[in-house]
Amino acid sequence: MSDINIKQLLDLEVAKRNCEGEVCEERLDPIMVAHRYKDPTISLICALFAYGNVKQIVKFLNSLDFSLLQKSDDEIRESLKNHYYRFQKSEDVIAIFIALKRLNEKSTLEEVFKSGYLKNRSTIEGINSLIKTLQEIYPHSSMGYNFLISQVTLKTKGAGALKRWMMYLRWMIREDNIDMGLWNGVDKSDLIIPLDTHTFNVSKKLGLLQRKSYDLEAAVELTCKLKEFDKNDPLKYDFALYRIGQEKLSLEMS
């Protein structure tokens, strides 16, 4: 399939998907919970826990009391002592709530992100600033927590794709019927695609991605390719690529 045909296929999918009904009880996605609050901090919790079975993700997110983000450390510990999700034990869920609450008392997620991003217009550096701040503001380390917030990334080859962080940035910076556009001053063209297995596999089948390793370098490569279709907003294709893979659609007929 030629690039022109691929672009036409994806543009049709984007137009079809960019509607409020695309995210609903029948077509679950963690952004459904984030949409309910339209709050950057709650959205980050939704994004960081967005791995595994989507029904279980949404069920877990719906079980959380987000008003705890304004409560004391002790109240957070008491309320979340029985909450866990896959790799995250209750101590890890408690830790992310306390860390985010403390961050918001001093600054905002947007300000912390921009402190890293604006140096070189690098979303990776912005994410690193957020990870460092969360680690410093409430020191906590475990396998589950380290997986949840990720590690500071200094390279792209062989590094994790930071999929959940990249998805969070898409939610915060783009604005349409899917993404919320809650932040200002970050260029959509600087975003990197949130590479998950669906997007990775569909992009390889379409010839958009040559790299065989599922890593941050592959996410950067795919984003550069999508900039050939829309240099100002390459991530407008992300949700369409994801749904094509998730719904196992025929690439010729989708």
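Here is a short report on the structure shown in this document. For every chain, the first residue of its written sequence is number 1, and the numbers climb from 1 along that sequence. Totals for whole chains, interfaces and linings use all residues, but because this is a predicted model, local features are given only for residues with pLDDT of at least 70 and pairs of side-chain atoms are given and counted only at 80 or more. Only hydrogens and water are removed before side-chain values are computed, so all heavy atoms of the structure are retained for them.

### A few points about the pattern of salt bridges
- The rule for a salt bridge is simple: a side-chain nitrogen of Lys or Arg has to be within 4 Å of a carboxyl oxygen of Asp or Glu. Taken as a whole and assessed by the stated rule, the structure comprises 24 salt bridges.
- Taking the shortest distance from any N to any O, the salt bridge between Glu 13 and Lys 16 comes out at 3.3 Å. Pair noted here: Glu 13 and Lys 16 are both in helix α1 (residues 3-17), with a separation of 3 residues, about one helical turn.
- Lys 16 sits in the partly exposed class, given a relative accessible area of 45%.
- One salt bridge in this structure joins Arg 77 and Asp 74, with 3.4 Å as the shortest N-O distance. The secondary structure listing takes helices from DSSP runs of H or I that are at least 4 residues long and strands from runs of E that are at least 2 residues long, numbered from the N terminus. Three labels apply to residues, based on accessible area from a 1.4 Å probe with only protein chains included: buried if under 20% of the type maximum, exposed if over 50%, partly exposed otherwise in between.

### Here we look at the environment of Phe 66
- For Phe 66, the position within the fold is in the loop between α4 (54-62) and α5 (73-79).
- Judged by relative accessible area, Phe 66 falls into the buried class, the value being 5%.
- For Phe 66 and Ile 76, which are 10 residues apart along the polypeptide, the C-alpha to C-alpha distance reads 10.0 Å.
- What makes two residues a contact is simply this: any of their non-hydrogen atoms within 4.5 Å. If near-sequence neighbours (up to four positions away) are discounted, Phe 66 is found in contact with Val 33, Tyr 37, Ile 42, Ile 45, Leu 61 and Phe 97.

### A word on the packing of helix α7 (residues 109-120) against helix α8 (residues 123-137)
- Taken N-terminus to C-terminus, the directions of α7 and α8 make an angle of 140°; their axes are 7 Å apart at the nearest point. As summarised for this structure, α7 and α8 are arranged oblique, according to the angle between their axes. When you trace α7 past α8, the crossing you get is right-handed. Contacts between α7 and α8 involve Leu 109, Val 112, Phe 113, Ser 115, Gly 116, Tyr 117, Lys 119 and Asn 120 from the first element and Thr 123, Glu 125, Gly 126, Ile 127, Ser 129, Leu 130 and Thr 133 from the second.
- Under the scheme applied here, ten amino acids are nonpolar (Ala, Val, Leu, Ile, Met, Phe, Trp, Tyr, Cys and Pro), four are charged (Asp, Glu, Lys and Arg), and all others, including Gly, are polar. Residues of the contact of α7 with α8, tallied by class, amount to 6 nonpolar, 7 polar and 2 charged. Whenever a helix is involved, its axis is fitted only over the stretch in contact; in every case the axis is a line through C-alpha atoms, and angles between N-to-C directions fall within 0 to 180 degrees. These descriptions rest on fixed angle ranges, namely under 35 degrees for roughly parallel, over 145 for roughly antiparallel, 65 to 115 for roughly perpendicular, and the rest for oblique. Here a crossing is taken to be left-handed if its near helix is turned anticlockwise relative to the far helix by less than a right angle, and right-handed if that turn runs clockwise.

### Some remarks on helix α6 (residues 90-106)
- What a helix is expected to span follows from its residue count: subtract one and scale by 1.5 Å. Helix length check: α6, at 17 residues, gives a terminal C-alpha distance of 25 Å against a target of 24 Å (1.5 Å per residue), a fit within 8%.
- Counted residue by residue, α6 has 12 buried out of 17 residues, so it is predominantly covered.
- Of the positions making up α6, those classed as buried are Ser 90, Asp 92, Val 93, Ile 94, Ala 95, Ile 96, Phe 97, Ile 98, Ala 99, Leu 100, Lys 101 and Leu 103.
- In this structure, the buried side of α6 is in contact with α3 (40-48), α4, α5, α7, α8 and α9 (143-149).

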